[in-house]
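Read off the chains here:
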Amino acid sequence: MAMKNPYQTYQNNAVATASPQELTLMLYNGCIKFIRLSSIAMEKGDMEAKNTNIIKAQNILYELRSSLNMEIDLSQTMDALYEYMISQLVTANIQNDSSILKEVESLAEEFRNTWKQAMEQAKK
């Protein structure tokens, strides 16, 4: 019987036991990670890895969009921003433009940091 990868087991347990707020934070972190990996791949000329990681970042943004409660005004604004980010990732992928990736990464970092602050405020 093959041993499971301990890191993968840890990751699976972290996701399975996370609160919805922590899962959202994980999604933001994953989005940022995949944008960074796509930027590195772009610099190296590895178009397959670039494309794969951009698609992973887009999928995370689609997931974040699907979790929005559209009855809340802020959700409509967030939806438009997520759609913009997805569109920019498509453009970055087609044009091999790392500056666009950097812009989307910056937006994702802002969202992540704001979400993290909100989580900390909610604990008080």
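None of these values were measured; they are calculated from a predicted model.

A short note on unusual backbone geometry
Then, number 1: The phi dihedral of Asn96 falls on the positive side, at around 50°, and the residue is not glycine.
Then, number 2: Turning to its location among the elements, Asn96 is positioned in the loop between α4 (73–95) and α5 (98–123).
Then, number 3: For Asn96, a relative accessible area of 36% puts it in the partly exposed group.

Quick notes on the packing of aromatic side chains
Then, number 1: Within this structure, the stated rule accounts for two aromatic pairs.
Then, number 2: For the pair Tyr28 and Phe111, a centre-to-centre distance of 6.3 Å together with 45° between the ring planes defines the contact as tilted. Of the two residues, Tyr28 is situated in helix α2 (residues 20–44) and Phe111 in helix α5; the sequence distance between them amounts to 83 residues. Pair check on accessibility: Tyr28 and Phe111 agree, each one buried.
Then, number 3: What makes Phe111 buried here is its relative accessible area of 14%.
Then, number 4: Taken together, Tyr28, Tyr82 and Phe111 form an aromatic cluster joined through their ring pairs.

Here we look at the side chain of Gln58
Then, number 1: Relative to the elements of secondary structure, Gln58 occurs in helix α3 (residues 47–66).
Then, number 2: By relative accessible area, which is 10% here, Gln58 ends up buried.

Each value, and the rule that gives it
- Residues numbered from 1 in each chain as written.
- Predicted model: local features only at pLDDT ≥ 70, side-chain atom pairs only at ≥ 80, totals over all residues.
- Heavy atoms only, no water.
- Helix = DSSP H or I, 4+ residues; strand = E, 2+ residues; numbered from the N terminus.
- Buried < 20%, exposed > 50% of the residue type's maximum accessible area, 1.4 Å probe, protein only.
- Phe/Tyr/Trp six-rings, centres within 6.5 Å; stacked < 30°, edge-to-face > 60°.

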